[in-house]
Amino acid sequence: MIRSIWARALAFGAVAIVSATVPVHAQNTGSNVPKQVHLVQDGNRILASNVRLNRFDELKLGAQERVREQKVGQAVAIVVTNQRIIAYGVLSGWVPMDRAANETIQSISAEDYAGLIVTDQRMLNFNGETGVWAEQGRRVSR
């Protein structure tokens, strides 16, 4: 019985030591990528606070352009306006893509270095390390 209690105490102590040595940004986030980007809207522009490269990157919005939705991950951000879908990668900067006519956004996600946008017409993914978009058309159900 004493041996069992001692083994549990040692195991608990080891877990406590390991969790104390893991950096705060890697604890309980479900991600191995630390938080590196934040977005700030300032009038007709959006600023990406790039913590990794210690700078701000500006995105100017057009006169009639309005932000509809945005998602921010650890190292990538997605901004959807009435005219464009714009991704920001901490290593690639702002990369815009025009919206298709009458395109409806169904979902947006941003995690780690990856952004995914699903619309009624296509699926788009963005790699925040390389700055490259990939596009896949969707089957139209009638």
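What you see is a predicted model, and the numbers here were worked out from it, not measured in a lab. Sequence positions are assigned chain by chain, starting from 1 and proceeding in written order. Side-chain atom pairs in this predicted model are given and counted only at pLDDT of 80 or more, local residue features only at pLDDT of at least 70, and totals for whole chains, interfaces and linings cover all residues. Calculation of side-chain values draws on the structure's entire complement of heavy atoms; hydrogens and water are dropped beforehand.

Caption draft 1: Local environment of the pattern of salt bridges. Here, a salt bridge means any side-chain nitrogen of Lys or Arg that lies within 4 Å of a carboxyl oxygen of Asp or Glu. Counted according to the given criterion, the structure contains 6 salt bridges. Residue Arg55 pairs with Asp57 through a salt bridge whose shortest N-O separation is 3.1 Å. On the accessibility criterion, Arg55 (37% relative accessible area) is partly exposed. Relative accessible area serves as the criterion here: at 15%, Asp57 is assigned to the buried category. Arg122 is the salt-bridge partner of Glu135, the closest N and O atoms lying 3.3 Å from each other. On the criterion of sequence distance, the pair formed by Glu135 in strand S11 (residues 132-137) and Arg122 in strand S10 (residues 122-127) is long-range, its members being 13 residues apart. Salt bridges here are not isolated pairs; linked through shared partners, they connect Asp42, Arg45 and Glu58. Remark: exposure states derive from per-residue accessible area (1.4 Å probe, protein chains only) relative to the maximum for the residue type, with buried under 20%, exposed over 50%, and partly exposed in between. Each helix is a run of DSSP H or I of at least 4 residues and each strand a run of E of at least 2, with the numbering of both proceeding from the N terminus.

Caption draft 2: Spatial organisation of the sheet that holds strand S2 (residues 45-50). At least two bridges found by DSSP between two strands is the condition for calling them paired. A sheet is described by the order of its strands in space; here 3 strands give the open sequence S1-S2-S3, paired in antiparallel fashion. Edge strands, defined here as strands with exactly one partner in the open sheet, are strand S1 (37-42) and strand S3 (55-60). The average angle at which neighbouring strand axes cross in this sheet is 25°, direction not considered. Where S1 meets S2, 6 bridges bridge the pair, whose relative direction is antiparallel. The partner of Leu39 across the bridge, within S2, is Ala48. Angles here are taken between N-to-C directions and fall from 0 to 180 degrees, while the axes themselves are lines fitted to C-alpha atoms, restricted in helices to the stretch in contact.

Caption draft 3: Up close: the nonpolar core. Put simply, a nonpolar core is a bunch of buried Ala, Val, Leu, Ile, Met, Phe, Trp, Tyr and Cys residues held in one set by side-chain atoms that sit within 4.5 Å of each other. Among the nonpolar cores identified, the biggest contains 14 residues, and Ile78, Ile85, Ile117 and Trp133 are the most heavily contacted of them. Elements supplying a minimum of two residues to this core: strand S5 (76-81), strand S6 (84-89), strand S7 (93-98), strand S8 (105-111) and S10. Should any heavy atoms of two residues lie within 4.5 Å, those residues are counted as being in contact. If we ignore the near neighbours within four places in the chain, the residues touching Ile78 are Glu69, Gln70, Lys71, Ile85, Ile86, Ala87, Ile108, Ser109, Ala110, Gly115 and Ile117. Counting 11 residues, the second largest nonpolar core, distinct from the first, contains Val37, Leu39, Ala48 and Leu61.

Caption draft 4: Region of interest: the environment of Gly137. Counting through the fold element by element, Gly137 comes out in strand S11. Between the C-alpha atoms of Gly137 and Gln121, which are 16 residues apart in sequence, the distance is 6.2 Å. Once residues lying within four places of it in the same chain are set aside, the contact partners of Gly137 are Gln121, Arg122 and Met123.

Caption draft 5: A look at the sheet that holds S6. Taken together, 4 strands build an open sheet; the order of strands is S4-S5-S6-S7 and the sheet is antiparallel. The sheet terminates laterally at strand S4 (67-72) and S7, the two strands that pair on one side only. Going from strand to strand, the sheet's axes swing by 15° on average, the running direction of each strand aside. Pairing of S4 with S5 involves 5 bridges; the strand directions are antiparallel. When the bridges of S5 are listed, Val67 appears paired with Thr81.

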